[in-house]
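# Tertiary structure, described
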Amino acid sequence: MNTTTIYLKDMRFYAFHGCFEEEQRIGTYFTVDVRLTYDAEAAIANDDVEQSVNYQLVYKTIQKVMNEPRHLIETVADRIVRHIKQDFPQVQHVAVKLCKLNPPLDGKTEYVAVEMEG
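None of these values were measured; they are calculated from a predicted model.

Tallied over the full model, the rule gives six salt bridges. Here Glu 21 ties to Arg 25 by a salt bridge, and the two come within 3.7 Å at their closest N and O atoms. In this pair, Glu 21 and Arg 25 both sit in helix H1 (residues 21-26), four residues apart, roughly one turn of the helix. Each of the two residues, Glu 21 as well as Arg 25, counts as exposed. For Glu 68, the salt bridge goes to Arg 70, with nearest N and O atoms at 3.8 Å. One salt-bridge network, held together by shared partners, links Glu 68, Arg 70 and Arg 79.

Within the chain, Asp 10 stands out as a residue other than glycine whose phi angle is a positive 60°. Locating Asp 10 in the fold gives a position in strand S1 (residues 3-15). The exposure class assigned to Asp 10 is partly exposed, which follows from its relative accessible area of 40%. Unusually for a residue other than glycine, Asn 102 sits at a positive phi of about 50°. Relative to the helices and strands, Asn 102 resides in the loop between strand S3 (91-101) and strand S4 (111-117).

Parameters at a glance
Within every chain, residues take consecutive numbers counted from 1 along the sequence as written. Local features in a predicted model are, by the rule used here, given only for residues with pLDDT of at least 70; side-chain atom pairs are given and counted only at 80 or more, and totals for whole chains, interfaces and linings are based on all residues. Side-chain calculation: all heavy atoms of the structure are included, whereas hydrogens and water are not. The term salt bridge refers to a side-chain nitrogen of Lys or Arg lying within 4 Å of a carboxyl oxygen of Asp or Glu. A helix here means a DSSP run of H or I that spans at least four residues, while a strand means a run of E at least two residues long, and both kinds are numbered starting from the N terminus. Each residue's exposure class comes from its accessible area (1.4 Å probe, protein chains only) as a fraction of the maximum for that residue type: buried when under 20%, exposed when over 50%, partly exposed otherwise.

Take it as geometry only, folks, not as evidence of what the structure does.
Now the structure itself:
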């Protein structure tokens, strides 16, 4: 078995997640980091992208989830994990870090984030 880890770092999205009406109307920037593992032995042996986890398609899966407004970033992170595992059954483990940049707090904060694994 050849366990391989793929990282997609600092993906940037403009999305409309949040509990406040203005967040859902105006939106803000988010970043997403994903780490996933799978057995790459067959893909490597055959040098075949069809047997690997195509990270371009993983990006599109994440983009689709980010385009569906939710109240909680926890919900968004959970949906990213679930969709990746559903769309790419060869994935053994997924870790997601989702950051909401410049959140509407009473002071200056670079971001708030959630991390989820599955």
